[in-house]
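# Coordinates in review
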Amino acid sequence: MTKRSYFEYINYVLLAMVGILTLYPFLFIFILSLNEGTDTMRGGIVIFPRAFTLINYKFMLANSTLLKAYRITILRTLVGTVGSVFITALVAYGLSDPKLPGRSILMIYLLIPMLFSGGLIPYYLQLRNLRLINTFWVYIVPGLFNIWNCIVMKTFFQGIPESLKDAARIDGANEFQILFRVVFPVSLPMFAAISLFVAVGHWNDWFSGAFFVYDPKLVPVQTYLQQLMTQEMEGFRASAPSVSDMIKFREYSTITSLSLRMAAVCIGTLPIICLYPFLQRYFIKGVLIGSLKD
Amino acid sequence: MGDMKVKMRISERQGNKLLISLKEIIKPSELNYILKNLWKFRWHYIMILPGIVLLFLFAYMPIMGVQIAFKEYDLTAGIWKSPWVGLKNFYFLQDPYFWHTVKNTLAITIYRLMFGFPIPIIFALLLNEVRNEKFKKVIQTVSYLPHFVSWIVVAYILTSMLALDTGVVNFILEKLGFSQIFFLGEPKYFRAIVVISAIWKEMGWSSIIYLAALANINPELYEAALIDGAGRFARIRYITIPGIMPTVGIILILSMPGLLSAGYEQIYPLVNPANMSVSEVLDVYIIRLGLVSAQYSISAAIGLILGIVQMLLVLTVNFLIKKSGGVGLW
């Protein structure tokens, strides 16, 4: 073997190991969620479930708190993503015209918060001041405008040939019409990428649900998962369907707090993992758009 | 508004004489021109307005709300009417516990910078050497996946994999003849756990930007090097690495604020009484003091110092990189 092929050989093995080590933790929580909880306690589960069961999922899916949390998560992801991408795109388009009077002042207005923020506590007090605390809107309104996404969009809009817009202007279209009929249609791939980032951000946010909301009915899935982390069996039983609803008593008795937690995490994560292979090309495109320097 | 127009005119005339008297700027004909120009762009301003309002509400108001750090927060009076108390809230600077959290923060973030910063670069370089496009694509796709799950899920993965008896790590340790370790309960493992899981989550994702930089390197450079008889490592050393240096510099600047923030989203779910001595980092401390114990003024004061130091770090590193001939943020 030459020196070069040695390197290549090692490189392939190394990267394959990275791939396996990246995926394995997901596999591990997945098999634990499919294994009987009491059997898991014996230890030694590595690759396959030893005592396969779906009872953990049945139990968690009958849990009304989890389903309510799911509804909040889906609702905030939809409303938050559409709202944020739309508003941010409007602002980005407005700023994309280099002839706009006062543009440099507006850009400075945009850049200052990127460099310095008031910090968490003044932010929280402002949310309280605006009466957003403990409402659904605390998930939506503060994120309606995103500076980073705005700059990415602005850069993208500036790359659209002026001649396209001018043609519409000659036809007497105003800027809103140009935006909706000319600019938006050619920007769809970029919108797809940014929407996905925003949506994933909404889906994964546990912090605002934990500290900006007190009403348990408003808690999203990730916050619910965070609360489950320290939950013991009694807590699960409290929000559980009655035993008579459960299929078999033996199966029911295999449940442990660990197995239920694992099922809950999988329920909270599976949508992203299942959608991921289809969406990942947009993600990558999005990062590349973002890396273009203004 | 009028003031703004004046400023705009001045900025447009940069390079001309700076001493333009107000009278000269607001000649009736020119005012007319300015207004006409503003009117021409009225749709643009309408589009920008929501952004200005939202930034004002959720970025500038909190920045002005920083004054609470110099006041004694009164629940009924609110931020603006609470009484001033000078620097009283900054006594935390003499509190050993505060410095303890600073130490905990730096211990995590410096390790994270030392390992988490170069690893995505190395990963990108290794991927770049792979000729089999399909293999490369699969590894890339897999490596981005953890970026898209929440830190809560990461916490679950860690607690389950590192658990006593049921965890796979302790299972392997036992098979190898070691005794089990309660990883999350022992302070000495906490930092390693945080840094390794952060690398696991973000390594692939952070490498994208370097892969893009690598793809932008002129292939003629490699061809020329091949003709000159440069080996693989010489090509990496003299073409690839210099080619991605500007990107490395920018990412380094952008990672500076992270030096003082160990990441509450990651660490908060992992805190337990057993590892408190190392897991109490600055941003977790601010959350516990401010959001949990409602000590708004003191935690805002800590946040203010944090924000200022983070800003200075960005400015300093940006300055140093530009000074040494690299590409800065601005």
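Residues numbered from 1 in each chain as written. Chains lettered and ligands numbered in written order. Predicted model: local features only at pLDDT ≥ 70, side-chain atom pairs only at ≥ 80, totals over all residues.

A few words now on the overall build of chain A. Within chain A one finds 15 helices and 0 strands. Counting contacts in chain A only where the partners sit at least 6 residues apart, residues at least 24 apart contribute 76% of the total. (Helix = DSSP H or I, 4+ residues; strand = E, 2+ residues; numbered from the N terminus. Contact = placed C-beta atoms within 7 Å.)

Attention shifts here to the overall build of chain B. The secondary structure content of chain B amounts to 17 helices and 0 strands. Taken over the C-alpha trace, chain B has a radius of gyration of 27 Å; the compact-globule value for 330 residues is 20 Å, which it surpasses by more than 25%. Oriented by its inertia axes, the alpha-carbon framework of chain B measures out at about 90 × 70 × 35 Å. Expressed as a percentage of contacts within chain B between residues at least 6 apart in sequence, the contacts between residues at least 24 apart total 66%. (Rg over C-alpha atoms; globule rule 2.2 N^0.38 Å.)

This part covers the packing of helix H4 (residues 64-96) of chain A against helix H10 (residues 188-204) of chain A. The description of two packed helices rests on the angle between their axes and on the distance between the axes. Residues and elements named next belong to chain A. The N-to-C vectors of H4 and H10 enclose an angle of 140°; their axes lie 9 Å apart at closest approach. Of the possible angle classes, the one that applies to H4 and H10 is oblique. Note that H4 runs across H10; the crossing there is right-handed. For the pair formed by H4 and H10, the contact residues are Thr 73, Arg 76, Thr 77, Gly 80, Thr 81, Ser 84 and Val 85 on the first element and Phe 191, Ile 194, Ser 195, Val 198, Ala 199, His 202 and Trp 203 on the second. (Axes fitted to C-alpha atoms, helices over the stretch in contact; angles between N-to-C directions. Parallel < 35°, antiparallel > 145°, perpendicular 65-115°, else oblique. Left-handed = near helix turned anticlockwise from the far one by under 90°.)

Checked against the element boundaries, Leu144(A) lands in the loop between helix H6 (120-129) and helix H7 (147-158). Placed 36 residues apart in sequence, Leu144(A) and Ile108(A) show a C-alpha to C-alpha distance of 20 Å. In contact with Leu144(A), other than residues within four places in its own chain, are Gly83(A), Ser84(A), Ile87(A) and Leu54(B).

A few words on the domain arrangement of chain B. Residues and elements named next belong to chain B. Considered domain by domain, chain B is made up of domain 1 (23-86) and domain 2 (89-323). On a C-alpha basis, the centres of domain 1 and domain 2 stand 36 Å from each other. Its residues assigned to classes, the side of domain 1 that touches domain 2 shows 6 nonpolar, no polar and 2 charged. (Domains from an automatic or database assignment. Nonpolar A, V, L, I, M, F, W, Y, C, P; charged D, E, K, R; others polar.)

With that settled, consider the nonpolar core. Residues Met153(A) and Ala264(A) are the most contacted members of the largest nonpolar core, which totals 132 residues. Domain assignment of the residues forming this core places at least three in each of domain 1 (23-86) and domain 2 (89-323) of chain B. Beyond its immediate sequence surroundings of up to four residues, Ala264(A) is in contact with Met60(A), Leu66(A), Leu225(A) and Leu228(A). (Core = buried A, V, L, I, M, F, W, Y, C linked by C-beta atoms within 7 Å. Buried ≥ 20, exposed ≤ 12 C-beta atoms within 10 Å, placed from the backbone.)

A few words now on unusual backbone geometry. Positive phi, close to 65°, is recorded for Asn134(A), a residue that is not glycine. Among the secondary structure elements, Asn134(A) is positioned in the loop between H6 and H7. One non-glycine residue, Asp165(B), lies in the positive phi region at around 65°. For Asp165(B), the location among the structural elements is in the loop between helix H9 (151-161) and helix H10 (168-175).

On the side of chain A, 76 residues touch chain B, which itself brings 73 residues to the contact. Here the side of chain B that touches chain A takes 16 residues from helix H4 (residues 42-64) of chain B, the largest share from any one element. Each residue belonging to the side of chain B that touches chain A can be placed in one class, and the counts come to 53 nonpolar, 15 polar and 5 charged.

In this model H7(A) runs 16 Å from its N-terminal to its C-terminal C-alpha over 12 residues, within 8% of the 16 Å that 1.5 Å per residue would give. Inspection of H7(A) places Asn149(A), Cys150(A), Ile151(A), Val152(A), Met153(A), Lys154(A), Phe156(A) and Phe157(A) among the buried residues, and these make up the whole buried set. (Expected span 1.5 Å × (residues − 1).)

This next bit is on the packing of helix H8 (residues 133-144) of chain B against helix H11 (residues 187-215) of chain B. Residue and element names in this part refer to chain B. Running from N to C, H8 and H11 point in directions that differ by 125°, and their axes come no closer than 7 Å. What the angle tells us is that H8 and H11 run oblique. Contacts between H8 and H11 involve Gln 140, Ser 143 and Tyr 144 on the former and, on the latter, Met 203, Gly 204 and Trp 205. Residue composition of the contact of H8 with H11, by class: 3 nonpolar, 3 polar and no charged.

Do not read the fine detail of predicted coordinates wherever pLDDT is low. All names here are of chain B. The pLDDT averaged across chain B works out to 86; a share of 91% of its residues lies at or above 70. Contacts for the low-pLDDT stretch residues 1-5, under 50 throughout, to residues beyond four places or in other chains number 3 contacts. Reported confidence for the predicted complex is 0.88 by ipTM and 0.86 by pTM. (pLDDT = per-residue confidence, 0-100.)

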